[in-house]
Amino acid sequence: MYHRMEKPNEASYDDSDIYSRYYVPGSVTRAKQEELGSPSAVLESRRAHAIKQRQHKALASAHHRRIVGEAICRLPQPRVERIRRDPWKIYTPHCTVLHRCADDTGCCPSERQTCAPKRTKTVDLYFFVSTQASFCSLFLLRRQQIILI
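Calculation rules
Residues numbered from 1 in each chain as written. Predicted model: local features only at pLDDT ≥ 70, side-chain atom pairs only at ≥ 80, totals over all residues. Heavy atoms only, no water. Helix = DSSP H or I, 4+ residues; strand = E, 2+ residues; numbered from the N terminus. Contact = heavy atoms within 4.5 Å. Areas by Shrake-Rupley, 256 points an atom, 1.4 Å probe, with all protein chains shown as cover. UniProt positions renumbered as here; feature names shortened; annotations may be inferred. Salt bridge = Lys/Arg side-chain N within 4 Å of Asp/Glu carboxyl O. Buried < 20%, exposed > 50% of the residue type's maximum accessible area, 1.4 Å probe, protein only. Disulfide = S-S within 2.5 Å. Expected span 1.5 Å × (residues − 1). pLDDT = per-residue confidence, 0-100. Core = buried A, V, L, I, M, F, W, Y, C linked by side-chain atoms within 4.5 Å.

## Section: the overall build of the protein
A tally of helices and strands in the protein yields two helices and five strands. A separation of at least 24 residues holds for 55% of the contacts in the protein among residues at least 6 apart in sequence. For the protein, the accessible surface area stands at approximately 11900 Å², while carbon and sulfur atoms represent 54% of it.

Put into structure tokens, the structure is as follows:
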């Protein structure tokens, strides 16, 4: 079960709170100071890094919310399937739409789960079929449509 997370308010972030919980104040290393030029440059670099980390975290959270809302594995998704039964015959239409449950149709809450059908149903689809001799006939093609309920 997923809990809806509230979007953090950008105004609630304190830009002066730029330190890790493990940071010991006053422990700016000589190498950082030499690389950046001054203690204030080190602090500004750390502040910019903290802001960037917050932005990345917000983007990752937004992406997670979108996947939970849109890509959750719960309903069969339409998939286009090309009809290639006999290379000497021409099927019209040359493809059809079937609703499927598969790993590419939904995202399960856990990586240990997979999106798969609970049951399947055979549907009858009709196509026009012509051959090299240019005659046309009506053809019933049985395709299995996967249903998840």
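## Things to note about the UniProt feature "domain: Platelet-derived growth factor (PDGF) family profile" (unreviewed entry) in the protein
Sequence positions flagged by UniProt for "domain: Platelet-derived growth factor (PDGF) family profile" (unreviewed entry) are, in local numbering, residues 87-126. End-to-end, the C-alpha atoms of residues 87-126 are 18 Å apart, and along that stretch the chain is 0% helix and 45% strand.

## Considerations on the pattern of salt bridges
Within the structure shown, the criterion is met by four salt bridges. Glu81 is paired through a salt bridge with Arg100; the nearest N and O atoms lie 2.8 Å apart. Of this pair, Glu81 sits in strand E1 (residues 77-82) while Arg100 is found in strand E3 (residues 95-100), placing the two residues 19 residues apart along the sequence.

## As for the environment of Asp104
Mapped onto the secondary structure, Asp104 falls in the loop between E3 and strand E4 (119-131). On the basis of relative accessibility, which here comes to 57%, the residue Asp104 falls in the exposed class. Along the sequence, Asp104 and Thr114 sit ten residues apart, while their C-alpha atoms lie 9.8 Å from each other.

## Thoughts on the state of the cysteines
The final tally for this structure, using the stated rule, is one disulfide. With its sulfur 2.3 Å from that of its partner, Cys73 forms a disulfide with Cys115. Since a negative S-S torsion denotes a left-handed disulfide, the Cys73-Cys115 link at about 80° is right-handed. In this pair, Cys73 sits in the loop between helix H2 (39-70) and E1 while Cys115 sits in the loop between E3 and E4, placing the two residues 42 residues apart along the sequence. Taking relative accessible area as the criterion, Cys73 reaches 23% and is therefore assigned partly exposed. When its relative accessible area of 5% is taken as the criterion, Cys115 is described as buried. As a non-bridged cysteine, Cys108 has Cys73 as the owner of its nearest cysteine sulfur, 4.2 Å distant. For Cys108, a relative accessible area of 16% gives the class buried.

## Some thoughts on H2
Because each turn of an α-helix spans 3.6 residues, side chains separated by three or four positions end up pointing in the same direction. If you check H2, its first and last C-alpha atoms are 47 Å apart, about what 32 residues at 1.5 Å a residue would give, namely 46 Å. Val42, Arg46, Ala50 and Arg54 are the residues of H2 that are buried. Buried-residue contacts for H2 involve helix H1 (30-36).

## Notes on the confidence of the model for the protein
Taken residue by residue, the protein gives an average pLDDT of 76. The fraction at 70 or more is 68%. When the criterion is pLDDT under 50, residues 1-8 qualifies, and its contacts beyond four places in sequence or with other chains add up to seven contacts.

## Some points on the nonpolar core
Formed by Ile83, Tyr91, Leu98, Val123, Leu125, Phe127 and Val129, the largest nonpolar core amounts to seven residues. With four residues, E4 is the single largest residue contributor to this core.

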